[in-house]
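# Examining the three-dimensional arrangement
The chain contents come next:
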Amino acid sequence: MTPVARAEIVVDLAAIRHNVRTLRELTGVPSMTVVKADGYGHGMVEVARAARAAGSEWLGVTTIDEALALRASGDDGPLLCWLTVPGDDWAAAIDAGIDVTAYSVAELDEIAATGRSARVQLKVDTGLSRGGATLADWPAVVARAEQGERDGSWRITGIWSHFAASDDPDHPANDAQERVFHQALALAGGLTPEVRHLANSAAGILRPSSRLDLVRFGLASYGLDPAPGRTPDLGLVPAMTARATLAMTKRIHAGDGVSYGHTWIADTDTTVGLVPAGYGDGIPRHASNAAHVLVEGKQRAMRGRVCMDQFVVDLDGDSPAPGADVVIFGPGTHGEPTAQDWAEAAGTISYEIVTRIGGRFARRHVNA
Ligand SMILES: *Cc1c(COP(=O)(O)O)cnc(C)c1O
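Residues numbered from 1 in each chain as written. Predicted model: local features only at pLDDT ≥ 70, side-chain atom pairs only at ≥ 80, totals over all residues. Heavy atoms only, no water.

### Examining the overall build of the chain
The secondary structure content of the chain amounts to 11 helices and 19 strands. The principal-axis extent of the C-alpha atoms belonging to the chain is close to 80 × 45 × 40 Å. By the burial criterion, 54% of the 368 residues in the chain qualify as buried. Of all intrachain contacts in the chain linking residues separated by at least 6 positions in sequence, the fraction that spans at least 24 positions is 66%. Side-chain charges in the chain split into 33 positive and 45 negative, and the spacing between the mean points of these groups amounts to 2 Å. (Helix = DSSP H or I, 4+ residues; strand = E, 2+ residues; numbered from the N terminus. Buried < 20%, exposed > 50% of the residue type's maximum accessible area, 1.4 Å probe, protein only. Contact = heavy atoms within 4.5 Å. Lys, Arg positive; Asp, Glu negative; His and termini not counted. Charge placed at Lys NZ, Arg CZ, Asp CG, Glu CD.)

As structure tokens, then:
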């Protein structure tokens, strides 16, 4: 008999392929599927394969290590990484045919010092004030980039930036950043990048003017909504289901306190169930007393605090057998809560729910 998983993440790769195709068709421009942070918790290598199979031209990750891991898995398509620190192994990335991103003249100098001919994309900071060259520093970065093209150090394959408030289409930063991006492109007229890109999921969906040559789709590829309440229904399918096996049930009485600190006290006699996953596995403690799970077709309220390894739900007098299936979140098609519901319960965003869940969860991919 196959042992039952105590707690597992099931990733539907057919959903990923569907989402990648849907988004690619929506924009009509090439897509980069962003698979950083272990594919937003879904498994970087498996998601990358699904994205390529669905026609995603590019993959994007944060670090050189992530990009090298993709190459080691056999991926050899266009691949961009975008966050380095001094001393990172630029040479390995260049040898592996990875597009690296430079934010500054110092980074370009580091790339030149490898003595290799690189594929380099330049990032301009159009208003996020995170990575990238500010507009003030941009002319010097462009000048150094042009010099490196002349001396064969690299080809500048892309110029790109990133929005601060793309989940809020009315935010004035969006127009402002797009204007600055076009200014930066004009200042880089001596370069001939293959791709100019600015949009992430929310912008790619909500702001056609930002699609340019490429959209970097992260969250939406996983079927989650990057701008809840603002995104039209595109039929995206959440790919991740987190489930567990009910460990035990018991009867408790009115007045009994549940879990650490007794932050919930039963006001009537009831039954409760023990779910064997906790904050050590990425179940957010901030969702204590607020989230729900599905057991035997009904949503059950979490009672008391999330512990490191477990939490308790109210079974409202029902007594499912230990071993029953507990759906923590999923696509929502069978009445279960979604990652978005958990995000709201925990006061965060669905990005954080799926990316942090892990720990001792097993992970299984279906529909490869
Ligand atoms: C993570 C990331 C993305 C993807 O963002 P989503 O909102 O998940 O689509 C795109 N671009 C950059 C630079 C990122 O860091």
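Having seen it, we continue.
### A look at the UniProt feature "binding site: substrate" (unreviewed entry) in the chain
Using the residue numbers shown here, the UniProt feature "binding site: substrate" (unreviewed entry) corresponds to Arg130 and Met308. In summary, the annotated positions, distributed over 179 residues, remain apart in three dimensions as well, the widest C-alpha pair reaching 33.2 Å. Looking at the secondary structure, you find Arg130 in the loop between strand S6 (118-123) and helix H7 (138-150). Ignoring sequence-local partners within four residues, the contact set of Arg130 consists of Asp125 and His162. Relative to the helices and strands, Met308 is located in the loop between strand S16 (298-303) and strand S17 (311-314). By relative accessible area, Met308 is classed as partly exposed at 44%. Setting aside residues no more than four positions away along its own chain, Met308 makes contact with Gly278, Tyr279, Gly280, Asp281 and Arg360. (UniProt positions renumbered as here; feature names shortened; annotations may be inferred.)

### Topic: the domain arrangement of the chain
What the domain assignment reports for the chain is domain 1 (13-222) and domain 2 (240-366). Placing a centre on the C-alpha atoms of domain 1 and another on those of domain 2 gives a separation of 37 Å. Between domain 1 and domain 2, the residue contacts involve 10 residues of the former and 8 residues of the latter. Counting the surface lost from both domain 1 and domain 2, the interface buries some 900 Å², and carbon and sulfur atoms represent 55% of this. The three residues of domain 1 that bury the most area against domain 2 are Tyr40, His42 and Leu219, which together make up 50% of that side's buried surface. Connecting domain 1 to domain 2 are 1 salt bridge. Arg363 is the partner of Asp38 in a salt bridge, and the nearest nitrogen-oxygen pair spans 3.0 Å. At 3 residues, the largest contribution of residues to the side of domain 1 that touches domain 2 is made by helix H2 (residues 36-40). (Domains from an automatic or database assignment. Buried area = accessible area lost by both parts, 1.4 Å probe. Salt bridge = Lys/Arg side-chain N within 4 Å of Asp/Glu carboxyl O.)

### A short note on the environment of Asp314
Tracing the backbone through its elements, the reader meets Asp314 in strand S17. Asp314 gets classed as buried once you look at its relative accessible area, which sits at 4%. Along the chain, Asp314 and Glu336 lie 22 residues apart, while their C-alpha atoms are 15 Å from each other. Excluding residues that lie within four positions of it along the chain, Asp314 makes contacts with Trp264, Thr270, Thr271, Val272, Arg300, Ala301 and Arg303. At a separation of 2.8 Å, a polar atom in the side chain of Asp314 contacts the side chain of Thr270. Among the polar contacts listed, one links the side chain of Asp314 to the side chain of Arg303, at a separation of 2.9 Å. (Polar contact = N/O pair within 3.5 Å; in protein donor to acceptor, adjacent residues only side chain to side chain.)

### Concerning the UniProt feature "domain: Alanine racemase C-terminal" (unreviewed entry) in the chain
Under the UniProt annotation, the feature "domain: Alanine racemase C-terminal" (unreviewed entry) is placed at residues 239-366. Across residues 239-366 one finds 12% helix and 35% strand; the C-alpha atoms that close the span lie 10 Å apart.

### Side note on the sheet that holds strand S8 (residues 195-199)
Strand order across the open sheet formed by 8 strands is S4-S3-S2-S9-S8-S7-S6-S5, with parallel pairing between neighbours. With one partner strand each, in any of the chains shown, strand S4 (79-81) and strand S5 (100-102) form the two edges of the open sheet. Neighbour-to-neighbour, the strand axes of the sheet open up by a mean angle of 30 degrees, direction not taken into account. Strand direction decides the pairing type here: strand S2 (residues 31-34) and strand S3 (residues 58-61), joined by 3 bridges, are parallel. Following the sheet pairing, Met32 is matched in S3 by Trp58. In the packing of helix H3 (residues 44-53) onto the sheet, contacts are made with S2 and S3, and the angle to S3 comes to roughly 155 degrees. (Pairing = 2+ DSSP bridges. Axes fitted to C-alpha atoms, helices over the stretch in contact; angles between N-to-C directions.)

### A short note on unusual backbone geometry
Positive phi values are uncommon outside glycine, yet Leu212 reaches one of about 45 degrees. Mapping Leu212 onto the fold places it in the loop between helix H9 (201-206) and strand S9 (214-217). The exposure class of Leu212 is partly exposed, given its relative accessible area of 21%. Even without being glycine, Asn289 reaches a positive phi, approximately 65 degrees. By secondary structure assignment, the location of Asn289 is in the loop between strand S14 (270-275) and strand S15 (292-295).

### Details of the pattern of salt bridges
One pass over the structure, following the stated rule, counts 22 salt bridges. The salt bridge involving Arg207 is made with Asp175; its shortest N-O contact spans 2.6 Å. Taken together, the positions of Arg207 in the loop between H9 and S9 and Asp175 in helix H8 (residues 172-187) put the pair 32 residues apart, joining distant regions of the chain. Overall, the relative accessible area of 14% leaves Arg207 in the buried class. Relative accessible area serves as the criterion here: at 44%, Asp175 is assigned to the partly exposed category. Residues joined in a network through salt bridges with shared partners are Glu8, Arg243, Asp325 and Arg364.

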